[in-house]
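# Commentary on secondary and tertiary structure
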Amino acid sequence: MIRALLLFIALSMFPAATQAAPAKNWAQTVTLNKEGAHVIGNPAAKTRLIEYVSYTCPHRAHFVAEGTAPLKAGWVAKGTVAVEIRNLVRDRYDFTAALLARCGGPAKFPGNHEALFAAQNDWIAKAQAYEGQPSTLPDDAKPAAVMTEIADKTGMLALMAKRGVTPAQSRACIASQPAFNAVMAMTKRAVDQDHVTGTPGFLIDGKLTNAHDWTSLKPSLPAPVK
């Protein structure tokens, strides 16, 4: 009887089956590499997908709406693919958005990035109206001053405020020389080194693909982990 009681106590101290720890969601990991590009996912993933983006490109906005969620769920979250997002700026509105997307550090980047694309139609419409108005800035205004006015007139400052970034913080991001240099360097690399001619432009493990949307990109990715 005593032996049976001791056995019962010993067994009750250890669960019959130990539940496995939940798998890490790598989609929540965001790092900034030495080139200033944001890497979403496992930095040691076997496959590296480089996305060149322009915030004024409607095709890139379509890719975000169609492909971002399945890409994250099927590949990035499971650690098999890391996505490196680089800029290929086309105009001053694109440049303004690129600098604002970086506000708040790496952790806030994916949300900023997706919010700017989700609201693209709205702020581009305001940009078109702004183009038809005389600027209040002097002819020799510095780029940061011009882009700050753009951010205000297009509603991008208000959009970032909804993301928890104050107007003062947004202005500081626009005025950041390191951020300016990083965006410029990525754009130069896109054209001179990676030979990207438009956005979205994708490289897989350093090789330029012919894909320009989610439908054509998906077959080029490794088989998803079940």
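Residues numbered from 1 in each chain as written. Predicted model: local features only at pLDDT ≥ 70, side-chain atom pairs only at ≥ 80, totals over all residues. Heavy atoms only, no water.

### Observations concerning the packing of aromatic side chains
Put simply, the rule reads: Each aromatic pair joins two rings of Phe, Tyr and Trp (for Trp, the six-membered one) with centres within 6.5 Å, and gets the label stacked for planes under 30 degrees apart, edge-to-face for over 60, and tilted for any other angle. Every helix listed is a DSSP run of H or I at least four residues long, and every strand listed is a run of E at least two residues long, numbered separately from the N terminus. Residue exposure (1.4 Å probe, protein chains only): buried if accessible area is under 20% of the type maximum, exposed if over 50%, otherwise partly exposed.
This model, assessed by the stated rule, comprises six aromatic pairs. Consider the rings of phenylalanine 63 and phenylalanine 202, whose centres lie 5.0 Å apart with planes at 55°: the pair is tilted. Separated by 139 residues along the polypeptide, phenylalanine 63 in helix α2 (residues 58-76) and phenylalanine 202 in strand β5 (residues 201-204) bring together distant segments of the chain. By relative accessible area, which is 0% here, phenylalanine 202 ends up buried. Geometrically, the ring pair formed by tryptophan 75 and tryptophan 214 is edge-to-face, given 5.8 Å between the ring centres and 75° between the ring planes.

### A few points about the nonpolar core
Heads up, the condition is: Put simply, a nonpolar core is a bunch of buried Ala, Val, Leu, Ile, Met, Phe, Trp, Tyr and Cys residues held in one set by side-chain atoms that sit within 4.5 Å of each other. In this description, contact between two residues means that some pair of their heavy atoms is separated by no more than 4.5 Å.
Judged by nonpolar contacts, the single largest core of 51 residues is most densely connected at Leu49, Tyr55, Leu71, Leu116, Trp123, Met156 and Leu217. For this core, the element with the most residues is helix α3 (residues 92-101), which contributes seven residues. Apart from residues lying up to four places away in sequence, leucine 116 is in contact with Tyr55, Ala97, Ala101, Trp123, Met156 and Leu159. Counting residues in each nonpolar core, the second largest holds six residues, with Ile50, Leu88, Ala190 and Leu203 among its members.

### Here we look at empty space enclosed by the protein
Put simply, the test is: Both site types are read off a 1 Å grid over the protein atoms alone. A 1.4 Å probe that fits but cannot get out defines a cavity, while an open set with protein on both sides within 12 Å along at least five of seven lines defines a pocket; lining residues have an atom within 4 Å of a point. Grid points are joined across faces, edges and corners, and a volume is the space filled by probe spheres set on the points. Gly falls in the polar group here, along with every residue not listed as nonpolar (Ala, Val, Leu, Ile, Met, Phe, Trp, Tyr, Cys, Pro) or charged (Asp, Glu, Lys, Arg).
One pass over the full model with this rule turns up two cavities of 30 Å³ or more. In this structure, the largest cavity encloses a volume near 120 Å³. In terms of lining, the largest cavity is formed by 13 residues, of which the most central are Ile40, Glu51, Thr68, Lys72 and Ile85. If you list the elements that add at least two residues to the lining of the largest cavity, you get α2, β4 (81-87) and α4 (109-118). The residue makeup of the lining of the largest cavity, split by class, is seven nonpolar, two polar and four charged. Going through the elements one at a time, β4 and α3 are the ones with two or more residues in the lining of the second largest cavity. Taken together, the residues of the lining of the second largest cavity sort by class into five nonpolar, two polar and one charged.

### Thoughts on the sheet that holds strand β2 (residues 38-40)
Our working definition: For two strands to be treated as a pair, DSSP must find no fewer than two bridges joining them. Orientation is described by lines fitted to C-alpha atoms, with helices fitted over the stretch in contact, and by angles between N-to-C directions that extend from 0 to 180 degrees.
Spatially, β1-β2-β4-β3-β5-β6 is the arrangement adopted by the six strands of the open sheet, whose pairing is mixed. Edge positions in the sheet fall to β1 (30-32) and β6 (207-208), since each has one partner strand and no second. Each of β3 (47-53) and β4 is contacted by helix α9 (residues 177-192), which is oriented at about 100° to β4, the strand it contacts most.

### Points about the pattern of salt bridges
As a reminder, the rule being used: Salt bridge, as used here: a side-chain nitrogen of Lys or Arg that lies within 4 Å of a carboxyl oxygen of Asp or Glu.
Going through the model one piece at a time under the given rule, you end up with eleven salt bridges. The closest approach of N and O atoms between arginine 86 and glutamate 84, which form a salt bridge, is 2.7 Å. Two residues, arginine 92 and glutamate 131, come together in a salt bridge whose shortest N-O distance is 2.7 Å. Taken together, the positions of arginine 92 in helix α3 and glutamate 131 in helix α5 (residues 120-131) put the pair 39 residues apart, joining distant regions of the chain.

### Description of the confidence of the model for the protein chain
Inclusion rule: In predicted models, pLDDT denotes the confidence assigned by the predictor to each residue on a 0 to 100 scale.
Across the protein chain, the average pLDDT comes to 91, with 90% of residues at or above 70. Across residues 5-11, where pLDDT falls below 50, the model places zero contacts with residues more than four positions away in sequence or in other chains.

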